[in-house]
Each structure stands twice: as C-alpha cells, then as structure tokens.
Amino acid sequence: MTNVDDFINSLKKKNIRFFTGVPDSVLKQLSFILDKKKSNEHVVATNEGSAISLGIGYYLATKKMPCVYLQNSGLGNAINPLISIAHKKVYSIPMLLIIGWRGAPKSNDEPQHMIKGKITRSLLKLLNIKFIILSNKKDLKKLEKLITFGLQNKAPVACLIRKNTFINSKIETSEKIKKNTREIFIEDFLKTIPKNSKIVSTTGYTSRELFQIRKQNKIKNGKDFYMVGGMGHASMVSLGISSKFKGQVFCLDGDGSLLMHMGSLRTIGNFKSKNFKHILLNNNMHESVGGQVTHAKNINFNKLVKSLGYKNYFKVNDEFNYVKAINKLIKSSGPSLLEIKINPGTIKNLIRPKNFLKIKEEFIK
Ligand SMILES: Cc1ncc(C[n+]2csc(CCOP(=O)(O)OP(=O)(O)O)c2C)c(N)n1
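Given the structure is predicted, the values throughout are model-derived calculations rather than measurements. (Residues numbered from 1 in each chain as written. Predicted model: local features only at pLDDT ≥ 70, side-chain atom pairs only at ≥ 80, totals over all residues. Heavy atoms only, no water.)

Caption draft 1: Geometry of the overall build of the protein chain. Along the backbone of the protein chain there are 14 helices and 16 strands. Its C-alpha radius of gyration of 21 Å places the protein chain within 12% of the 21 Å reference for a compact globule of 365 residues. Judged by the C-alpha coordinates and their principal axes, the protein chain covers about 60 × 40 × 35 Å. Counting the 365 residues in the protein chain, one finds 54% classified as buried. Once local pairs closer than 6 in sequence are excluded, the contacts in the protein chain between residues at least 24 apart make up 78%. Total accessible area on the protein chain is roughly 17,100 Å²; 54% of this is exposed by carbon and sulfur atoms. (Helix = DSSP H or I, 4+ residues; strand = E, 2+ residues; numbered from the N terminus. Rg over C-alpha atoms; globule rule 2.2 N^0.38 Å. Buried < 20%, exposed > 50% of the residue type's maximum accessible area, 1.4 Å probe, protein only. Contact = heavy atoms within 4.5 Å. Areas by Shrake-Rupley, 256 points an atom, 1.4 Å probe, with all protein chains shown as cover.)

In structure tokens:
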C-alpha cells in the first residue's frame with residue numbers, strides 16, 4: 001500500500017504540476033486530492049485520448065512533463081495520440097501515465113477487466129512505454145527514476161497501480177445516501193415500456209442496477225444488453241439495433257459516458273431512427289468510480305441534441321413524474337432524448353451481470 005500524499009510528493013519533487021485524466025475507481029484517492037487543485041492544474045477529461053492530447057499541448061507550451069491518469073480499459077482511447085503523436089519516433093513527448101490496473105493477474109475482477117488486465121503490460125511493451133508497478137512506499141524511488149528516464153529520453157512512461165494500493169481516502173461514498181433516484185427510475189421504466197423493447201445500458205452502476213432490479217422484481221418487459229465495458233458506446237450500439245429492429249430501442253446512458261464520445265449524438269441525429277429513445281441519467285458525476293465531477297450539470301441538452309438532429313427533448317426531475325415522462329418518450333417519434341436529473345446513491349450489495357454469452361443469446365432471441 002502507498003499513501004497517496006507520498007505519491008503526489010514524489011511527483012512534485014520531479015516538477016510534475018499538471019494532471020489530467022479520466023477517473024477510475026482504483027485511483028479515486030488520487031482524484032480526491034487532485035480535485036482540490038486549481039482548474040488549470042487538474043482537468044478531468046472526457047476520454048483518455050483527449051487527456052493524452054491535453055497533456056501533449058501542456059508539454060508544447062511549457063516543456064514540462066504532464067501526468068495523465070486513466071483506467072487500463074481506457075488505454076484503447078489513449079493509444080491513437082500516444083502512438084501517432086507522443087511516440088519517441090514521432091514527436092517524442094514525455095509524459096507520465098498513471099494507470100489503474102483492473103484485472104491484474106491473480107486479482108479477482110470482472111471478466112472484461114481480467115482480459116484487459118492480462119494484456120496491459122504487453123500493450124505497454126508493444127507501445128515501447130517503460131513502466132513500473134507501484135505496490136508500496138519503497139517503489140516511489142523507482143517511480144522517480146522512471147520519471148527521470150522519461151524526461152531524459154523525452155518519452156511517455158507509465159506506472160501501474162493495482163486495486164487497494166492507494167490508502168488514506170477520506171472519500172464519502174455515495175452509498176450512504178438513502179434515496180436512490182436511479183433505482184426508482186429504472187423500476188418505473190421497466191414496468192412502463194412495451195414488452196418487445198430492447199434496452200442497452202451504459203457502463204457502471206446503471207447496468208448493474210438494471211440487472212439487479214429486473215432480476216429481483218422478475219420483470220419481463222424488454223430485453224437488456226449491458227455495456228459492462230466500452231464506456232461511451234452504448235448509444236451507438238443502440239443505434240445499430242434501431243436500424244433493423246422494429247420495436248422501441250432504449251439507451252440508458254450516463255453523463256460521463258455520453259460526454260466520452262459525444263460525436264455519436266450527431267450520427268444519431270443524422271440517422272433519424274424513429275424508434276431510437278435515449279435516456280440520460282444525469283448526476284453530474286462519474287459515480288461508479290468515486291463521484292468525480294463531469295461538468296454535465298449546466299449543459300443545455302435540449303439545444304444541444306435538437307441542433308444535432310434529435311426530434312424531441314424531454315426532462316424530468318421529480319420522481320413522481322417518471323412514469324408520465326417515460327410514456328411521453330415512448331409515444332414520441334425519435335430520435336428523442338429524455339434527461340433525468342438523478343441524485344447520487346446506489347443499491348447496497350449491488351450485484352454484477354455475469355454469463356455474457358447467455359445475456360447476448362437472450363437479447364438476440
Ligand atoms: C474507457 C473507459 N474509461 C474509464 C472507465 C472507468 N469507468 C467506469 S464507469 C465510469 C463512470 C461513468 O460515469 P457516468 O456515465 O456518468 O455514470 P455513473 O457512474 O455516474 O452512473 C468510469 C469512468 C471505463 N470503464 N472505460
């Protein structure tokens with residue numbers, strides 16, 4: 001285990017002052033400290049490729065090494081600018097990557113994380129990125145040496161962090177809040193939608209709650225496809241289904257996920273599927289990985305999606321009006337967006353979808 005303050009001090013010693021990234025549960029203690037920094041010293045990016053690019057820009061302006069943090073599942077998003085711009089044989093940009101290592105070998109994690117966890121080191125090797133695994137305080141010396149190497153060679157370097165490495169969290173977990181509006185909404189939603197609907201749900205608590213609520217209440221309306229990975233892509237999977245499926249297609253999205261690949265909204269607006277129904281569960285945070293802010297609170301989604309070609313926008317804040325709003329969405333001719341402002345909080349002892357092949361078969365049937 002490593003105290004996150006000691007970790008930050010090591011970076012300070014090496015003159016690392018700028019942080020950007022996409023939050024991860026393994027790194028939430030780090031986020032908690034970074035959130036207190038000034039807005040020009042720490043930027044929560046919408047996706048990992050953008051974070052790498054922001055870091056590149058910071059280096060070009062200052063000649064200083066940026067720190068980019070991410071979950072290993074975000075390496076896919078990061079790889080494009082990492083190889084095509086930052087790589088030693090292109091523009092040779094030094095940066096420190098802090099990577100939350102979900103699914104590290106011998107850990108007990110979800111299947112999608114175990115796959116990525118197993119190949120994470122090989123990916124870094126392929127990318128020619130020198131890395132260390134930080135396990136305890138002693139490794140901080142290794143980290144400082146690694147940063148020196150990155151600076152001298154003007155190359156990206158990486159530090160892998162396993163689950164429960166960082167300690168000293170003073171984070172308030174959202175589980176303490178009793179009322180969970182997401183749960184109330186999902187229950188109303190499942191009970192209201194037509195029987196033959198298809199539902200695609202986003203990564204994190206939304207998919208887990210949908211799975212659990214359906215199971216516990218034995219609700220048969222609709223079929224679910226849980227995006228346990230591929231964060232930000234639930235809407236495009238839904239669009240693909242809506243292009244050929246005759247019934248209604250609902251995409252249950254999160255604000256962090258929607259922002260991650262917001263360009264998809266234009267494709268949806270352009271495609272004009274009448275049966276495409278987008279639901280945004282907006283809590284202004286990446287709740288599933290620690291509650292880091294997304295800045296989605298003040299976005300005018302009405303103007304945004306209408307200008308991108310959506311036909312309808314509906315909004316509901318009050319849980320007593322959920323069913324009414326869901327019915328409006330069902331009756332509308334899509335593409336339509338329903339935005340729901342939800343409070344933080346999730347179900348206690350939340351279970352996880354498993355047996356993905358069975359879920360897929362059920363969905364396709
Ligand atoms: C590409 C990628 N980056 C980061 C993550 C880690 N991650 C899982 S859920 C999540 C937060 C999603 O936020 P949001 O869509 O707002 O839903 P909420 O957690 O608030 O329900 C993040 C960052 C991931 N799974 N994949």
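Caption draft 2: Structural detail: the pattern of salt bridges. Evaluation of the coordinates by the stated rule reveals 14 salt bridges. With a closest N to O distance of 2.3 Å, Glu110 and Arg352 form a salt bridge. In this pair, Glu110 sits in the loop between β5 (95-100) and α5 (111-126) while Arg352 sits in the loop between β16 (336-341) and α14 (356-364), placing the two residues 242 residues apart along the sequence. A relative accessible area of 10% places Glu110 in the buried class. Put simply, Arg102, Asp109, Glu110, Lys163 and Arg352 are held in one network by salt bridges that share partners. (Salt bridge = Lys/Arg side-chain N within 4 Å of Asp/Glu carboxyl O.)

Caption draft 3: Looking closely at the site of the ligand. Lining the immediate surroundings of the ligand are 20 residues, of which Glu48, Gly256, Ser257, Met285 and Ser288 lie closest. The separation between a nitrogen atom of the ligand and a polar side-chain atom of Gln71 is 3.4 Å. Calculation on the ligand without its partners gives an accessible area of 590 Å², and the protein chains cover 95% of this total. Those elements giving two or more residues to the shell around the ligand turn out to be α10 (255-260) and β13 (285-286). The element best represented in the shell around the ligand is α10, accounting for four residues. Residue composition of the shell around the ligand, grouped by class: five nonpolar, 11 polar and four charged. Inspection of the shell around the ligand shows a minimum of three residues originating in each of domain 1 (2-167) and domain 2 (177-364). (Near = heavy atom within 4 Å. Polar contact = N/O pair within 3.5 Å; in protein donor to acceptor, adjacent residues only side chain to side chain. Nonpolar A, V, L, I, M, F, W, Y, C, P; charged D, E, K, R; others polar. Domains from an automatic or database assignment.)

Caption draft 4: Quick look at the packing of aromatic side chains. Summed over all chains, the structure comprises eight aromatic pairs. Note on Phe211 and Tyr226: the rings are 5.5 Å apart at their centroids and 90° apart in plane angle, and the pair reads as edge-to-face. Highlighted residues: Phe211 in helix α8 (residues 205-217) and Tyr226 in strand β10 (residues 223-226), separated in sequence by 15 residues. Of the two residues, Phe211 and Tyr226, neither departs from the other in class, the shared state being buried. Aromatic rings pair up to connect Phe185, Phe189, Phe250 and Tyr322 into one cluster. Geometry around Phe149 places Lys130 over its ring, the cationic atom sitting 4.8 Å from the centre. When the ring centre of Phe363 is taken as origin, the NZ or CZ atom of Lys198, which lies over that ring, is 4.8 Å away. (Phe/Tyr/Trp six-rings, centres within 6.5 Å; stacked < 30°, edge-to-face > 60°. Lys NZ or Arg CZ within 6 Å of the ring centre and 35° of its normal.)

Caption draft 5: Region of the structure containing a nonpolar patch on the surface. A cluster of nonpolar side chains, namely Ile85, Val90 and Tyr91, defines an oily patch on the protein surface of about 290 Å² accessible area. For Val90, a relative accessible area of 41% translates into the label partly exposed. (Patch = residues over 30% accessible without salt bridge, like charges linked within 9 Å, V, L, I, M, F, W, Y side chains within 5 Å.)

Caption draft 6: Spatial organisation of the pairing of β16. Judged by how many residues are buried, β16 sits mostly within the fold: five of six residues are covered. As paired elements, strand β12 (residues 276-282) and β16 share six bridges and run parallel to each other. Across the sheet, the residue bridging to His278 is Leu337, located in β16. On the question of chirality, the crossover connecting strand β15 (residues 312-316) to the parallel β16 by way of helix α13 (residues 322-331) is right-handed. (Pairing = 2+ DSSP bridges. Right-handed = clockwise from strand over helix to strand, strands pointing away.)

Caption draft 7: Up close: helix α9 (residues 234-242). Listing the buried residues of α9 in full gives Ala234, Ser235, Ser238, Leu239, Ile241 and Ser242. All buried residues of α9 project into a common sector of 160° when viewed along the axis, lining one side. Of the surrounding elements, those touching the buried residues of α9 are β9 (198-201), β11 (249-254), α11 (264-271), β12 and α14. (Arc of directions from axis to C-beta.)

Caption draft 8: Seen up close, the nonpolar core. Membership of the largest hydrophobic core comes to 30 residues, with the highest contact counts inside it found for Phe185, Phe189, Leu190, Ile279, Leu338 and Ile340. The set of elements that each furnish at least two residues to this core consists of α7 (181-192), α8, β11, β12, β15, α13 and β16. Examining the composition of this core, we find that five residues originate from one element, α13, more than from any other. Listed in part, the 27 residues of the second largest apolar core include Leu11, Leu34, Met65 and Cys159. (Core = buried A, V, L, I, M, F, W, Y, C linked by side-chain atoms within 4.5 Å.)

Caption draft 9: Inspection of the domain arrangement of the protein chain at higher detail. Structurally, the protein chain comprises domain 1 (2-167) and domain 2 (177-364). Taking the mean C-alpha position of each, domain 1 and domain 2 sit 30 Å from one another. With 14 residues of domain 1 in contact, the opposing surface of domain 2 contributes 11 residues. Together, the buried faces of domain 1 and domain 2 total about 1,200 Å²; carbon and sulfur atoms form 61% of this surface. Between domain 1 and domain 2 we count one salt bridge in total. For the pair domain 1 and domain 2, the number of links is four residue pairs in polar contact (both at pLDDT 80 or more). Among the secondary structure elements, those contributing two or more residues to the side of domain 1 that touches domain 2 are α2 (28-34) and α5. (Buried area = accessible area lost by both parts, 1.4 Å probe.)

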